[in-house]
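For reference, the chains in residue letters:
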Amino acid sequence: KKITLSVIKADVGGYVGHSNVHPELLEKAREMLSGHPLLIDSYVAHVGDDINLIMTHETGRNNGEIHKLAWDTFLACTEVAKKLKLYGAGQDLLGDAFSGNIKGLGPGTAEMQFEERKSEPVIIFMADKTEPGAWNLPLYKMFADPFNTIGLVIDPNMHNGFEFEVRDTIKNKKIIFSTPEDLYDMLVFIGATGRFCIKRVFNKETKDIAAVSSTQRLNLMAGRYVGKDDPVCIVRCQSGYPAVGEALEPFTYPHLVAGWMRGSHNGPLMPVSMNEARPTRFDGPPRVIALGFQLSEGKLVGPQDLFDDPAFDNVRKQANNVADYIRRMGPFEPHRLPLDEMEYTSMPQVTEKLKDRFIDLNK
Ligand code: 13P
Ligand code: 13P
Ligand code: MG
Ligand code: MG
Ligand code: MG
Ligand code: MG
């Protein structure tokens, strides 16, 4: 019997501004999901202004009814957001009609189907004020860096390495890299986080799914600025996968990610507890939470709020120091994103407005 774990997320209205989700929206989402006949279990979480629907069921990935349930839940929450006049009500719902699959409509999805092991610890990472490429560095460390994951060295079940499915989000292509042998080739691409994203990781030996992320790119889909994608990522742990602590360890370094204010700045990714997942400084800095669950016949036993640990105090402090440092650059790169990434934000209108004032010196 196979279990499917689906995480579907959207921002359907911020409280206040882009910092949080109003409790009435979370209540509405819980009401929509709880006891639903299609679901084994569900948990509604939020990080910043994004609602994350965590659902277990037996209907497989890309199931129309599950996607419809998520879509209807976001629509119902949007109604509440409109009533409260929350900021950007329905922000991430780009399509206006559901037709079988939520992909391309705005919400982010990460889904995996697997045979539940004797013990099935999973971590769901959820971020706000950033984009899917933010997972590249931590996923690389978890599954390919022996200085992070000692299991790659000493656990015979991991020693052969992992396979990474990498997506080109601009050209809409995918490629599988096998590590460690393809390591250097893979880094050429996944280092370019604005374009290439790690979609899935598989255990090389068993071919079983190890991790999956949401790779939807809102601004590319919409062709205009609609904030950042604020991605999610599911990681299975232990017994052939990274230990829970190995999956968390990459987040002890606040690497720079794209997002933050107006989706247009680089800033440090700060790991926080659920209670601290309300970014306000310059609408950030970008946040990530990690909720741990033990699955039991599809039931979500948990969550454990994994970054709610003083061992992550130093990285939070370091993230604040990096934020202080980089904020002083104001509208200058590399704090502000480079022009090609601004293409999908505010740039096109300004360029259009000034086009007659640019004098071509080649003529
Ligand atoms: P315990 O002895 O606490 O179970 O730790 C086992 C382990 O593998 C930790 O990574
Ligand atoms: P969100 O994508 O989280 O809504 O952020 C948008 C924004 O403009 C923050 O300043
Ligand atoms: Mg928002
Ligand atoms: Mg958000
Ligand atoms: Mg967003
Ligand atoms: Mg133990």
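Residues numbered from 1 in each chain as written. Chains lettered and ligands numbered in written order. Predicted model: local features only at pLDDT ≥ 70, side-chain atom pairs only at ≥ 80, totals over all residues. Heavy atoms only, no water.

Turning to the packing of aromatic side chains, a few remarks are in order. The tally for this structure, following the rule as stated, stands at 13 aromatic pairs. Between F125 and F307, the ring centres sit 6.3 Å apart and the planes meet at 45 degrees, which makes this aromatic pair tilted. Of this pair, F125 sits in strand 5 (residues 120-128) while F307 sits in the loop between strand 15 (299-305) and helix 8 (313-327), and the two are 182 residues apart along the sequence. Across the pair, F307 and F125 agree in class, each one buried. Ring centres 5.6 Å apart and planes at 80 degrees place the aromatic pair W260 and F282 in the edge-to-face group. Placement of the pair is W260 in the loop between strand 11 (256-259) and strand 12 (265-268) and F282 in the loop between strand 13 (270-271) and strand 14 (287-296), with a sequence separation of 22 residues. Taking relative accessible area as the criterion, W260 reaches 1% and is therefore assigned buried. (Phe/Tyr/Trp six-rings, centres within 6.5 Å; stacked < 30°, edge-to-face > 60°. Helix = DSSP H or I, 4+ residues; strand = E, 2+ residues; numbered from the N terminus. Buried < 20%, exposed > 50% of the residue type's maximum accessible area, 1.4 Å probe, protein only.)

A separate point is the coordination of the magnesium ion (ligand 3). Octahedral metal centres with six donors ideally show angles of 90 or 180 degrees, and tetrahedral centres with four donors ideally show 109.5 degrees. The coordination sphere of the magnesium ion (ligand 3) contains the protein donors D11 (OD), H18 (ND1) and D49 (OD), at a distance range of 2.0 to 2.2 Å. A separation of 4.4 Å is found between the magnesium ion (ligand 3) and the magnesium ion (ligand 4), which share D49 as a coordinating residue. One end of the pair, D11, is in the loop between strand 1 (2-10) and helix 1 (23-33); the other, D49, is in the loop between strand 2 (39-47) and strand 3 (50-57), with 38 residues separating them in the sequence. The same class applies to D11 as to D49, namely buried. (Donors = N, O, S within 2.8 Å, 3.2 Å for Na, K, Ca; no water.)

Of all residues adjacent to ligand 2, which total 14 residues, the nearest are K129, Y225, K228, R262 and D283. The side chain of D230 places a nitrogen or oxygen atom 3.1 Å from an oxygen atom of ligand 2. Between ligand 2 and D283, the relevant distance is 2.6 Å, taken from an oxygen atom to a side-chain nitrogen or oxygen of the residue. Burial of ligand 2 by the protein chains amounts to 97% of its free accessible area of 310 Å². (Near = heavy atom within 4 Å. Polar contact = N/O pair within 3.5 Å; in protein donor to acceptor, adjacent residues only side chain to side chain. Areas by Shrake-Rupley, 256 points an atom, 1.4 Å probe, with all protein chains shown as cover.)

For the rest of this paragraph, the subject is the packing of helix 3 (residues 136-144) against helix 5 (residues 183-190). The axes of two packed helices give the description: the angle between them and the distance between them. For the pair helix 3 and helix 5, the least separation of the axes is 11 Å and the interaxial angle reads 165 degrees. The pairing of helix 3 with helix 5 is recorded here as roughly antiparallel in orientation. The crossing of helix 3 and helix 5 is right-handed. Along its contact with helix 3, which presents N136, Y140 and A144, the element helix 5 presents L183, M186, L187 and I190. (Axes fitted to C-alpha atoms, helices over the stretch in contact; angles between N-to-C directions. Parallel < 35°, antiparallel > 145°, perpendicular 65-115°, else oblique. Left-handed = near helix turned anticlockwise from the far one by under 90°. Contact = heavy atoms within 4.5 Å.)

Our next topic: the coordination of the magnesium ion (ligand 4). Taken together, D49 (OD), D50 (OD), D128 (OD) and D230 (OD) make up the protein donors of the magnesium ion (ligand 4), found 2.1 to 2.2 Å from the metal. As a motif over one chain, the donors of the magnesium ion (ligand 4) read D-D-x77-D-x101-D. Residue class for D128 comes out buried when judged on its relative accessible area of 0%.

As a further point, take the sheet that holds strand 2. If you walk across this open sheet you meet the four strands as 2-3-1-4, and the pairing is antiparallel. Edge positions in the open sheet fall to strand 2 and strand 4 (108-115), since each of these has one partner strand only. Along the sheet, successive strands turn relative to each other by an average axial angle of 15 degrees, direction set aside. Examined bridge by bridge, strand 1 and strand 4 share eight bridges and lie antiparallel to one another. Note on strand 4: the bridge partner recorded for L5 is M112. Where helix 2 (residues 64-83) meets the sheet, its contacts fall on strand 1, strand 2, strand 3 and strand 4, and the angle it forms with strand 3 comes to roughly 150 degrees. (Pairing = 2+ DSSP bridges.)

What follows concerns the pattern of salt bridges. Using the criterion set out here, one finds 23 salt bridges in the structure. Ionic pairing is found between R117 and E120, a salt bridge with its closest N-O pair at 2.7 Å. (Salt bridge = Lys/Arg side-chain N within 4 Å of Asp/Glu carboxyl O.)

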